Amino acid sequence: MKKEIIHNVKRLANVVWSSELNEKNKVDAHNMLVVSKITYSFGIINWTENELDEIDRMIRKCLANNRCLSIHSNINRLYLSRQQGGKGLLNVHHLHNRTITTLVGYVFNGNSEHAKLIKKFWMNKKMGTLLKKAEDVIGKIGLNIAFTENGVMKDSELLDHSKLGNIMKKEYQKYYASWTKNALHGKVLTRCIEGGIDIRESFRWLNTARLRGDAVSTLFAIQEQAIPTRVIKKRIWKNNILSSEYCRMCDKSLETVSHVISGCTVLANTYYKARHDNMLKVIYYYLLFKLGFEEKWHAWYEVNIIEPVKSNEVCSIYWDYPLQTNNFQRFNKPDIVIIYKQQDKISLIEGSVPWDENIASKQIEKRNKYKELSIELKNIHRKKICTISEVVIGSTGLLDESIKKSLKPLCDNSKDVRRIMDYCQKAVILGTVRICRQLFDSAM
């Protein structure tokens, strides 16, 4: 029976993870269809811990074979919720323990005839393996519980079914702790905590972006610094064949993850600029729609050629266009400029996609960079207000808590702010994944 169940789990897992579904739908299908093939046997078939761990390993191997898990990524992250930055997979071993303990707790606290009959049946078997297993599992989470032959629990309070469920949920905290304590894999969370990053918003793309499984696994590997750069291969993976640790593109700096993703001078005018422009196209096309230039809000990947200057009766809008000023301005080319004709204001929009640790410093840099230009434009066009909106998103999709304030003056409502954040984040993530694939796809 066990062999048949394991065979069905493996077969269904291969069907789900090799399908054309996006990554989130694959996880949902796995949790509903694949895991259910074994959960119905919990409490009926005696599964050992080694067998349950082997099933979890089999599932992870299936993910890796279908490019939905990098072989060097953190395993604990798979079982965290997507709001915490994990993949949201159900762990079979943990699910088994939770099912057994809640079942035993329900029976021993139940007053129904069915509960009494089950309790009597278990006791007639003289402390069967199910009760022993429940004692071991409950003992591991810090509760001293034992079952007597009379059908009662000794040396403990009466086990509450709902309370036990909440206690077992806390077991997932060990996955989070293991991830954060890892010196290399846990750096993404360290950057979030120390840099004022909004963790919930930064990982929102896991539920909204609808990316493919290989794109998600690649970005996870980038965040955990588990991609095969020369520094990581030589210093972490101990590959002594490599003669140089310097970047294969520019040969000027060490080939670290941060250098490859956002610091290489050779990639700056090609891949970095394309990623930067795609992020800003989301805002630009929204503004064209909002200000009456277009009949619909085009997606950032639909239009390739952008007119540098557009004008109507409402405003003039500039895309990456040098502005004329009375006095010399070193920085006179913001990404997007809106000069309103019927309102007494000007809007400057400047975007950036730095390495995650540099988000805060880049915001300050962009704000100070165009202060003089904003004063000059107010004097030239005789406007009272000139706002500067810094749209800064980390190269792995991390969002600062202030990005909503930057986008709010540009949007009609909070719903539009949310959509712009989601689309900008997705554009940045896909750009980063594209860079990584161009350099390391054959080695990942």
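Below, the structure is looked at part by part. Keep in mind that this is a model prediction, so the values were computed, not measured. Throughout, a residue's number is its position along its own chain's written sequence, starting from 1. Per-residue local features of the predicted model are confined to residues with pLDDT of at least 70, and side-chain atom pairs are confined, for both listing and counting, to 80 or more; whole-chain, interface and lining totals are unaffected and use all residues. Water and hydrogen atoms play no part in the side-chain values, which are based on all heavy atoms of the structure.

Counted residue by residue, strand E5 (residues 336-340) has five buried out of five residues, so it is predominantly covered. Each residue is placed in one exposure class: buried if its accessible area under a 1.4 Å probe, protein chains only, is under 20% of its type's maximum, exposed if it is over 50%, and partly exposed if it falls in between. By definition, any uninterrupted DSSP run of H or I lasting at least four residues is a helix, any uninterrupted run of E lasting at least two residues is a strand, and each is numbered from the N terminus. With burial as the criterion, each face of E5 is covered, one bearing Ile 336, Ile 338 and Tyr 340 and the other bearing Val 337 and Ile 339. Two strands form a pair only when DSSP identifies at least two bridges running between them. The sheet contact formed by strand E4 (residues 315-319) and E5 spans five bridges and is antiparallel. Among the inter-strand pairings, Trp 319 is bridged to a residue of E5, identified as Ile 336. Here E5 folds back onto strand E6 (residues 345-352), and the loop between the two strands holds four residues.

Ordered in space as E3-E4-E5-E6-E7, the five strands form an open sheet in which the pairing is mixed. Only two strands of the sheet have a single partner each, and these edge strands are strand E3 (309-311) and strand E7 (385-392). Within the sheet, the average angular offset between the axes of one strand and its neighbour, ignoring direction, is 10 degrees. Inspection of the sheet shows E3 paired to E4 by three bridges, in the antiparallel sense. What sits directly across from Lys 310, in E4, is Ile 317. In this description, contact between two residues means that some pair of their heavy atoms is separated by no more than 4.5 Å. For helices, the axis comes from a line fit to the C-alpha atoms of the stretch in contact; other axes are also lines fit to C-alpha atoms, and the angle between any two N-to-C directions lies between 0 and 180 degrees. Taken strand by strand, helix H17 (residues 359-369) contacts E6 and E7, and its axis lies near 155 degrees from that of E7.

As a further point, take the packing of helix H1 (residues 2-17) against helix H4 (residues 49-65). When two helices pack together, you describe them by how their axes are tilted relative to each other and by the distance separating the axes. As a packed pair, H1 and H4 sit with axes 9 Å apart at the nearest point and diverge in direction by 25 degrees. Accordingly, the angle class assigned to the pair H1 and H4 is roughly parallel. The interaxial crossing formed by H1 with H4 has right-handed handedness. From H1, Lys 2, Ile 6, Val 9, Lys 10, Ala 13, Asn 14 and Trp 17 reach across to H4, where they touch Glu 51, Ile 55, Met 58, Cys 62 and Leu 63. Put simply, Ala, Val, Leu, Ile, Met, Phe, Trp, Tyr, Cys and Pro go in the nonpolar bin, Asp, Glu, Lys and Arg in the charged bin, and everything else, Gly too, in the polar bin. Its residues assigned to classes, the contact of H1 with H4 comprises eight nonpolar, one polar and three charged. Roughly parallel covers angles under 35 degrees, roughly antiparallel covers those over 145, roughly perpendicular covers 65 to 115, and oblique covers all other angles. Crossing handedness follows the turn of the near helix against the far one: under a right angle anticlockwise gives a left-handed crossing, and clockwise gives a right-handed one.

A few words now on the packing of aromatic side chains. Centres within 6.5 Å are what make two rings of Phe, Tyr or Trp a pair, Trp counting through its six-membered ring; a difference in plane orientation under 30 degrees is then read as stacked, over 60 as edge-to-face, and the rest as tilted. By the definition in use, this model includes nine aromatic pairs. A ring pair is formed by Tyr 284 and Trp 319, whose centres lie 5.1 Å apart and whose planes are at 55 degrees; its orientation type is tilted. Here Tyr 284 is found in helix H16 (residues 265-290), whereas its partner Trp 319 is found in strand E4, with 35 residues between them in sequence. Of the two residues examined, Tyr 284 and Trp 319, each falls in the buried class. Clustering of aromatic rings is evident, with ring pairs tying together Tyr 284, Tyr 285 and Trp 319. The rule is short: NZ of Lys or CZ of Arg within 6 Å of the ring centre and within 35 degrees of the ring normal puts a charge over the ring. Lying across the ring of Phe 220, Arg 77 places its NZ or CZ 3.7 Å from the centre. Lying over the aromatic face of Tyr 340, Lys 345 brings its terminal NZ or CZ to 5.0 Å of the ring centre.

Here, a salt bridge means any side-chain nitrogen of Lys or Arg that lies within 4 Å of a carboxyl oxygen of Asp or Glu. Within the structure shown, the criterion is met by 21 salt bridges. A salt bridge links Glu 224 to Arg 77, with the nearest nitrogen and oxygen atoms 3.0 Å apart. One end of the pair, Glu 224, is in the loop between helix H13 (213-223) and helix H14 (230-236); the other, Arg 77, is in the loop between H4 and helix H5 (92-109), with 147 residues separating them in the sequence. Accessibility classification places Glu 224 together with Arg 77 in one group, the buried group. A salt bridge links Glu 350 to Lys 366; the shortest N-O distance between them is 2.9 Å. Of the two residues, Glu 350 is situated in strand E6 and Lys 366 in helix H17; the sequence distance between them amounts to 16 residues.

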